[in-house]
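Here is how the chains run, residue by residue.
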Amino acid sequence: MIKYQYFSMLYLYNSLSRKKEIFKPVKDKRVRMYTCGPTVYAYAHLGNLRTYLAEDLLKRALIFNGYQVKQVMNITDVGHLVSDADSGEDKIELAAKKEKKTSFEIADFYTEYFFSALKKLNIIFPEITAKATDHIKDYINYIKLLEEKGFTYFTSDGIYFDTSKLKDYGKLTGQSFKDLSKNLKAGARIEFSSEKKNITDFALWKFSPQNVKREMEWDSPWGKGFPGWHIECAVISLKYLGNCFQNGKFYPEKFETIDIHCGGIDHIPIHHTNEIAEVESLTKKPMARFWFHVNFLVLKETRMGKSEGNALLIEDIEKNTFSPLAFRYLSLTTHYRMPLEFSFESLKGAENSLREIYNFIENCLWEKKFLKNKQNKAFSLKKYSKDFEEAINNDLNTPQALSVLWNLISRYNKVKKDQKKISQLSPSAVYQLLLSFDKVLGLDFKKIKLPKIKKEVQSMVKERENLRKQKKWQAADNYREKIKEKGYLVEDTIFGPRVTKINE
Ligand code: AMP
Ligand code: ZN
């Protein structure tokens, strides 16, 4: 494998500072990365998956830069209520009622579905996935600590966090506590329970309604109930990444700021803002060094969503005979901080581009049998390597990185047409460089192999060559047709006949 020297440093946009900053891990070369996982009450749709693709891109870019990444993802299988104001039903329980299944069956089913979607999209699996329902004891212990420090209060429906106790509550939104409260009151989605001290306060622990047996409820020092959504991510990230959890207990004073916390942009005003409140109130340290947020996948400017009723799934892509990786390619064509408009036309464009790249790779594999240079002397590959890295390290500028890849392909193809220069090409070095790009792009270039040609077809190709040498063109053409009937195409190149499988 050829090694290129990489020059630039990784710059990432930090939602907290609202600027691009140089990324460096808090400690050593190890990156502790937290990703808010799915709420498993329905099929993960392409919008959700856009976010997980961008987070995977981030993880790959970190690895590309020589970091070791430990990624933790929660699975929200309880606590995410229909309304952001901590009211309404639990999304999973509601789905269970509709589908006449238990909540646990619903959660298991949609978790498995989610994992299979990650696999189809070539997303690197997180090092740790943590189900919210497996951590009830941890939430209770943590809420007790918040209670001891005076950050909580009781209402008739749960234990709430008093957001007025934090000087910088809401800092991720860039708004002051006063402005945030005002804006929330103005927003139609949030109803203000009279028992809440501040509109921004949120439930840490919700009580089960009296005389109602809930499927998902647990005993706690405050009464039977279930955890709030934000406490799940706060506690799970602290437990697995914060280096402050020992023998079943949290030691907030030992907490080490996590490197990166990720999610969709919709998480900024409520979910992440409240996670920060829960963690920073006790640790007195920043919860995360970087906050990474991904913009929406939209359909003609409306966000794709489960509640919006316009959710498309990977299966919808497959039904239309597109490959899931075409969706991955499509997601790379727009910067992760910009809205990405989905349409089947744009997906078709992505599929065509991806196939063209795959064909190019197959060409390289074939041509390296004839052009055995170790180094590409026709033009310098270093420039492409550097440009690609600089694009990625510029806050994951994938549209730019893809254009570097396409420039490389067209340069190679141009030189190939020049009889004098062709011998200076190194398909092998170009192939290796593309594989190194793919470490970040994740388009599975490695799976491209030369097709295995049946012996029978190989003999037919040889026979056709003999006929051509004897200038028996008609007979040679007849062979070409026979070969086609067997499912292969023959193309005459300067290196001799090239055989490819039809419809690959
Ligand atoms: P949920 O399953 O609703 O908790 O969402 C899982 C992830 O998908 C979260 O990080 C959301 O911010 C993200 N998300 C939801 N809808 C979209 C969308 N249309 N485009 C991009 N990301 C989304
Ligand atoms: Zn979360």
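Look above for the structure.
Residues numbered from 1 in each chain as written. Chains lettered and ligands numbered in written order. Predicted model: local features only at pLDDT ≥ 70, side-chain atom pairs only at ≥ 80, totals over all residues. Heavy atoms only, no water.

## Description of the site of ligand 1
Alright, step 1. The immediate surroundings of ligand 1 are formed by 18 residues, with Gly 47, Thr 51, Asp 266, Leu 297 and Met 304 found nearest.
Alright, step 2. Within the complex, 97% of the 500 Å² of free accessible area of ligand 1 lies under protein.
Alright, step 3. Elements represented by at least two residues in the shell around ligand 1 include exactly α1 (46-64) and β12 (258-264).
Alright, step 4. Sorting elements by how many residues they give to the shell around ligand 1 places α1 first, with four residues.
Alright, step 5. Of the residues contributing to the shell around ligand 1, the split by class is five nonpolar, ten polar and three charged. (Near = heavy atom within 4 Å. Areas by Shrake-Rupley, 256 points an atom, 1.4 Å probe, with all protein chains shown as cover. Helix = DSSP H or I, 4+ residues; strand = E, 2+ residues; numbered from the N terminus. Nonpolar A, V, L, I, M, F, W, Y, C, P; charged D, E, K, R; others polar.)

## Notes on the sheet that holds strand β13 (residues 288-294)
Alright, step 1. With parallel pairing, five strands are arranged side by side in an open sheet as β5-β4-β3-β12-β13. Looking along the sheet, the strands with just one partner apiece sit at the ends: β5 (128-131) and β13. In this sheet, adjacent strand axes meet at a mean angle of 20° when their direction is disregarded.
Alright, step 2. Two strands pair when backbone bridges link them, and strand β3 (residues 30-35) and strand β4 (residues 68-75) are joined in this way by six bridges, in the parallel orientation. Among the inter-strand pairings, Arg 30 is bridged to a residue of β4, identified as Gln 68.
Alright, step 3. On the sheet, helix α7 (residues 268-283) packs against β12 and β13 and is oriented at approximately 155° with respect to β12. (Pairing = 2+ DSSP bridges. Axes fitted to C-alpha atoms, helices over the stretch in contact; angles between N-to-C directions. Contact = heavy atoms within 4.5 Å.)

## Topic: the environment of Ser 116
Alright, step 1. Looking at where Ser 116 falls in the secondary structure, it is placed in helix α3 (residues 103-120).
Alright, step 2. What makes Ser 116 partly exposed here is its relative accessible area of 31%. (Buried < 20%, exposed > 50% of the residue type's maximum accessible area, 1.4 Å probe, protein only.)

## So, the coordination of the zinc ion (ligand 2)
Expected angles at a metal are 109.5 degrees for tetrahedral coordination by four donors and either 90 or 180 degrees for octahedral coordination by six donors.
Alright, step 1. Taken together, Cys 36 (SG), Cys 233 (SG) and His 271 (NE2) make up the protein donors of the zinc ion (ligand 2), found 2.0 to 2.2 Å from the metal.
Alright, step 2. Counting residues between consecutive donors of the zinc ion (ligand 2) along the chain gives the motif C-x196-C-x37-H. Of the two residues, Cys 36 sits in the loop between β3 and α1 while His 271 sits in helix α7, which places them 235 residues apart along the sequence.
Alright, step 3. For His 271, a relative accessible area of 1% gives the class buried. (Donors = N, O, S within 2.8 Å, 3.2 Å for Na, K, Ca; no water.)

## A few points about the pattern of salt bridges
Alright, step 1. By the definition in use, this model includes 32 salt bridges.
Alright, step 2. As a salt-bridge pair, Arg 214 and Glu 93 come within 3.5 Å of each other at their nearest N and O atoms. One end of the pair, Arg 214, is in the loop between β8 (202-207) and β9 (225-227); the other, Glu 93, is in helix α2 (residues 91-99), and 121 residues separate them in sequence.
Alright, step 3. Classification of Arg 214 as buried rests on a relative accessible area of 9%.
Alright, step 4. Its salt-bridge partner being Asp 157, residue Lys 206 comes within 2.9 Å of it at the nearest N-O pair. Linking Lys 206 in strand β8 with Asp 157 in the loop between β6 (152-155) and β7 (158-161), this pair joins segments that are 49 residues apart in sequence.
Alright, step 5. With a relative accessible area of 9%, Lys 206 lands in the buried category.
Alright, step 6. Look at the salt bridges and you will find they share partners, linking Arg 464, Glu 465, Arg 468, Arg 480 and Asp 492 into a network. (Salt bridge = Lys/Arg side-chain N within 4 Å of Asp/Glu carboxyl O.)

## Points about a nonpolar patch on the surface
Alright, step 1. Nonpolar side chains collect at one region of the surface, where Met 9, Tyr 11 and Ile 22 lie side by side and expose about 250 Å² of accessible area between them.
Alright, step 2. Within the secondary structure, Tyr 11 sits in strand β1 (residues 11-14). (Patch = residues over 30% accessible without salt bridge, like charges linked within 9 Å, V, L, I, M, F, W, Y side chains within 5 Å.)

## Details of the packing of aromatic side chains
Each pair of aromatic rings is reported with the distance of its centres and the angle of its planes.
Alright, step 1. A complete count under the given rule lists 29 aromatic pairs for this structure.
Alright, step 2. Ring plane angle 70° and centroid distance 5.0 Å describe the contact between Tyr 52 and Phe 114, whose orientation is recorded as edge-to-face. Note that Tyr 52 is positioned in helix α1 and Phe 114 in helix α3, a separation of 62 residues in sequence. Phe 114 shares its class with Tyr 52; the two are buried. (Phe/Tyr/Trp six-rings, centres within 6.5 Å; stacked < 30°, edge-to-face > 60°.)

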